[in-house]
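# Observations on the model geometry
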Amino acid sequence: MKYCEHCHCVISQNICPDCGNSHLRDVENNDYCLIAEKEEMWAKLFMEILESNHIPYTSLPILGAGVVMKSGKTEWYRIYVPYEKLSAALDLWKETFETPNFESV
């Protein structure tokens, strides 16, 4: 499997389908991989599930506080887990949401 350092995605191809990056490298167990983009309420729920299952994660807001305050939109988060925990996290995702990992913002 390959890893796109720009998108933080695990890829089976030689070019990242999201950004077109062709400078991919072999994925390592400690690489944080994008698992989902979700609205704040659901993202926080999933982060609590990851914590209760002892899966490390990190998250980043997509819109930012300024946009959220001015537009009244709800914040969205990207959630990342280490590659070595990706399979377990995906199983938890499927159990929790029964939907694809990504929805349009």
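My aim in this report is to walk through the structure given alongside it, one point at a time. Here the structure is a predicted model, which means the values were calculated and not measured.

## Here's the deal with the overall build of the protein
- Within the protein, the secondary structure is distributed over three helices and six strands.
- Ordering the α and β elements of the protein from the N terminus gives β-β-β-β-α-β-α-β-α.
- Taking the intrachain contacts of the protein between residues at least 6 apart in sequence as the baseline, contacts between residues at least 24 apart amount to 59%.
- Taken as a whole, the protein presents about 6600 Å² of accessible surface, with 50% of it coming from carbon and sulfur.

## Brief notes about the pattern of salt bridges
- In total, this model carries six salt bridges according to the counting rule given.
- Here Arg-25 ties to Glu-5 by a salt bridge, and the two come within 2.6 Å at their closest N and O atoms. Here the residue Arg-25 occupies a position in strand E3 (residues 25-26), and Glu-5 occupies one in the loop between strand E1 (2-4) and strand E2 (9-11), the gap between them amounting to 20 residues.
- Among the charged side chains, a salt-bridge network with shared partners connects Glu-5, Arg-25, Glu-28 and Asp-31.

## So, helix H1 (residues 40-52)
- Its 13 residues give H1 an end-to-end C-alpha distance of 18 Å, which sits within 8% of 18 Å, the value for a rise of 1.5 Å per residue.
- Here H1 has its buried residues at Ala-43, Phe-46, Met-47, Ile-49 and Leu-50. Looking straight down H1, one finds its buried side chains confined to an arc of 155 degrees; they lie on one side. Facing away from the buried side of H1 by over 90 degrees, the exposed positions are Met-41, Glu-48 and Ser-52.
- Its buried side turned inward, H1 meets strand E4 (32-39), strand E5 (58-61), strand E6 (76-82) and helix H3 (83-97).
- Immediately beyond the C-terminal end of H1, within one or two residues, lies His-54, with a positive phi of roughly 55 degrees.

## Some words on the environment of Asp-31
- Structurally, the position occupied by Asp-31 is in the loop between E3 and E4.
- For Asp-31 and Glu-84, which are 53 residues apart along the polypeptide, the C-alpha to C-alpha distance reads 8.2 Å.
- Setting aside chain neighbours within four positions, we find Asp-31 in contact with Tyr-3, Arg-25, Asp-26, Val-81, Pro-82 and Tyr-83.

About the thresholds
Residues numbered from 1 in each chain as written. Predicted model: local features only at pLDDT ≥ 70, side-chain atom pairs only at ≥ 80, totals over all residues. Heavy atoms only, no water. Helix = DSSP H or I, 4+ residues; strand = E, 2+ residues; numbered from the N terminus. Contact = heavy atoms within 4.5 Å. Areas by Shrake-Rupley, 256 points an atom, 1.4 Å probe, with all protein chains shown as cover. Salt bridge = Lys/Arg side-chain N within 4 Å of Asp/Glu carboxyl O. Expected span 1.5 Å × (residues − 1). Buried < 20%, exposed > 50% of the residue type's maximum accessible area, 1.4 Å probe, protein only. Arc of directions from axis to C-beta.

Note that all results are geometric; they support no functional claim without further evidence.
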